[in-house]
2 protein chains.
Amino acid sequence: RIKASGLKLRFCTNETQATREKFVKKLQGLGFDISVAEVTAPAPAACRLLKERGLRPHLLVHDDLVPEFAEIDKTNPNCVVIGDAAENFSYANLNEAFRVLIGLEKPVLISLGRGRYYKETDGLKLDVGAYMKALEYACDVQAEVVGKPAKTFFESALAEMGVPPQQAIMIGDDIVNDVGGAQQCGMRAVQVRTGKYRPCDENHPQVKPDAYVNNLAEAVDIILNQL
Amino acid sequence: RIKASGLKLRFCTNETQATREKFVKKLQGLGFDISVAEVTAPAPAACRLLKERGLRPHLLVHDDLVPEFAEIDKTNPNCVVIGDAAENFSYANLNEAFRVLIGLEKPVLISLGRGRYYKETDGLKLDVGAYMKALEYACDVQAEVVGKPAKTFFESALAEMGVPPQQAIMIGDDIVNDVGGAQQCGMRAVQVRTGKYRPCDENHPQVKPDAYVNNLAEAVDIILNQL
């Protein structure tokens, strides 16, 4: 309905355990009209940054994400890219990434997100942010975070659509990463009361959404009604 | 010679990959007159703290350190103790420690040191401080660090000898953990130009030793000469 109305649309995800292809297939299975070209995700954002700055990454990421870096030169690395590597967060792999980083004259650490933890069916798991902090501390560097809520991430999505922030609306369930990040970038943002939304989000000390909706369909209704 | 002179003596170590027994055997093998009762180390310091506050730890430590916690109740944990766990820093073990911590009403994290990294024959390794930072970030807590350079650690050693800080001298090779820590505690501190000493330590922006010596024997000479 958004697309049919003529409005431009991007899907912004922090997914870093799978390629955009896999992510898109999942959403297509749920009935979404979505293609890979419409997805803004941390891995391609990192690839853009790597190319712009001539960086060759040592990757500490999930196996399923590696194909996103297929076209990137990874020989003789001069930076480290860390994502939610899950089982790949082994003692050996962390030491290896650390050695690459500490061995650089000017250590560059790029992190595909700054999440603290998330829940899976078998329990809570440490997210990439925790391991990012470990490497930051060990090497006395500050990671460059791509992905929500980074301003550059939202700016990429806007640039890809050719839309200024004042003319864009972000819809998301995450009060900090979706709503706060988009607002920092000059966009308006609507929080949807599904997914990871919690009632206590409505008393968040820093972030106040421009509106709430009960589900995505309601967000679409309201947006189309105001055209 | 120090002992024979009548001066009191303690050995302060941040060793957390082995029990004091093992540490003492190593030094005895090198010719030191040393017993377990003369060693101040992070694990027994942590045990004292656990007992004082009725804390039951979940341990994320090196296998060889576990015997130091033999007398501590570890059922139904209400805190996490992290040491340099080396190979035990697996993805599964870190998630487990994290789950214990985040599940506590008031998360308590006790860290046996705050080192960033160290060198072994097969290369650099991340030290406990890096993993401490990961858990701190994930759970939004601040770890309580036992071991050098914590003030309480030096205070324990002084209390065990019954000596006020102004009458004690610390001799060590680590500019921050040995020299800086002891000085913070009101002691004088001598840096020995062996071990992890580096010439650039002499230009350290924060810490200035009260004196330098070329080796431990020289430190003993100078101290005994001033009696």
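Residues numbered from 1 in each chain as written. Chains lettered and ligands numbered in written order. Predicted model: local features only at pLDDT ≥ 70, side-chain atom pairs only at ≥ 80, totals over all residues. Heavy atoms only, no water.

- Looking at an unreviewed UniProt entry, one finds chain A named Phospholysine phosphohistidine inorganic pyrophosphate phosphatase, with Chauna torquata as its source organism.
- Under the Catalytic activity (unreviewed entry) heading, UniProt states for chain A: "diphosphate + H2O = 2 phosphate + H(+)".
- In UniProt, chain A has this text filed under Cofactor (unreviewed entry): "Mg(2+)". (UniProt positions renumbered as here; feature names shortened; annotations may be inferred.)

## Some points on the domain arrangement of chain A
Point 1. Taken as a whole, chain A is organised into domain 1 (42-145) and domain 2 (163-226).
Point 2. Each of domain 1 of chain A and domain 2 of chain A has a C-alpha centre, and these two points are 29 Å apart. (Domains from an automatic or database assignment.)

## Some thoughts on the relation of the copies chain A and chain B
Point 1. Overlaying chain A with chain B gives an RMSD of 0.0 Å, the required rotation being 180° about an axis along which the chain moves by 0.0 Å. On the angle and the small slide along the axis, the relation comes out as a two-fold axis.
Point 2. Take the interface residues of chain A: 100% of them recur as interface residues in chain B, which is what a same-surface contact looks like. (Least-squares fit on C-alpha atoms with pLDDT ≥ 70 in both. Contact = heavy atoms within 4.5 Å.)

## Quick look at the sheet that holds strand S4 (residues 79-82) of chain B
Residue and element names in this part refer to chain B.
Point 1. Spatial ordering of the open sheet is given by S3-S4-S5-S8, a layout of 4 strands whose pairing is parallel. The open sheet has two edge strands, strand S3 (57-60) and strand S8 (144-145), and neither has a second partner.
Point 2. For S3 and S4, the ladder comprises 4 bridges, and the chain directions are parallel. Looking at S4, one finds that Leu60 is bridged to Ile82.
Point 3. Across the sheet, helix H2 (residues 42-52) lies against S3, S4, strand S5 (109-111) and S8, angled at about 155° from S5, the strand it touches most.
Point 4. Packing of helix H4 (residues 128-139) onto the sheet brings it into contact with S4, S5 and S8, and relative to S5 it is tilted by some 170°. (Pairing = 2+ DSSP bridges. Helix = DSSP H or I, 4+ residues; strand = E, 2+ residues; numbered from the N terminus. Axes fitted to C-alpha atoms, helices over the stretch in contact; angles between N-to-C directions.)

## What about the confidence of the model for chain A?
Predicted coordinates in areas of low pLDDT are best not read in detail.
Point 1. Averaged over chain A, the pLDDT score is 95; the fraction of residues at 70 or greater is 100%.
Point 2. Predicted complex metrics record ipTM = 0.87 and pTM = 0.87. (pLDDT = per-residue confidence, 0-100.)

## Some remarks on helix H3 (residues 91-102) of chain B
Residues and elements named next belong to chain B.
Point 1. Here H3 spans 16 Å end to end across 12 residues, near enough to the 16 Å set by a 1.5 Å rise per residue.
Point 2. Every buried residue of H3 is accounted for by Tyr91, Leu94, Asn95, Ala97, Phe98 and Leu101. Along the long axis of H3, the arc covered by the buried residues comes to 165°, so they all point the same way. (Expected span 1.5 Å × (residues − 1). Buried < 20%, exposed > 50% of the residue type's maximum accessible area, 1.4 Å probe, protein only. Arc of directions from axis to C-beta.)

## What about a nonpolar patch on the surface?
Point 1. A cluster of nonpolar side chains, namely Leu30(A), Phe32(A) and Leu216(A), defines an oily patch on the protein surface of about 280 Å² accessible area.
Point 2. Here Leu216(A) lies in helix H7 (residues 216-225). (Patch = residues over 30% accessible without salt bridge, like charges linked within 9 Å, V, L, I, M, F, W, Y side chains within 5 Å. Areas by Shrake-Rupley, 256 points an atom, 1.4 Å probe, with all protein chains shown as cover. Salt bridge = Lys/Arg side-chain N within 4 Å of Asp/Glu carboxyl O.)

## Re the sheet that holds strand S4 (residues 79-82) of chain A
All names here are of chain A.
Point 1. If you trace the 4 strands from one edge of the open sheet to the other, you get S3-S4-S5-S8, paired in parallel fashion. For this open sheet the edge positions go to strand S3 (57-60) and strand S8 (144-145), each flanked by a neighbour on one side alone.
Point 2. As paired strands, strand S5 (residues 109-111) and S8 are joined by 2 bridges and run parallel to one another. Its bridge partner being in S8, Ile110 is matched across the sheet by Glu144.

## Some points on the environment of Gly83(B)
Residues and elements named next belong to chain B.
Point 1. Residue placement: Gly83 occurs in the loop between S4 and H3.
Point 2. By relative accessible area, which is 0% here, Gly83 ends up buried.
Point 3. Sequence separation of Gly83 and Gln17 is 66 residues, and the distance between their C-alpha atoms is 8.0 Å.
Point 4. Residues in contact with Gly83, not counting those within four places in the same chain, are Leu60, Val61, Phe89, Leu112 and Val128.

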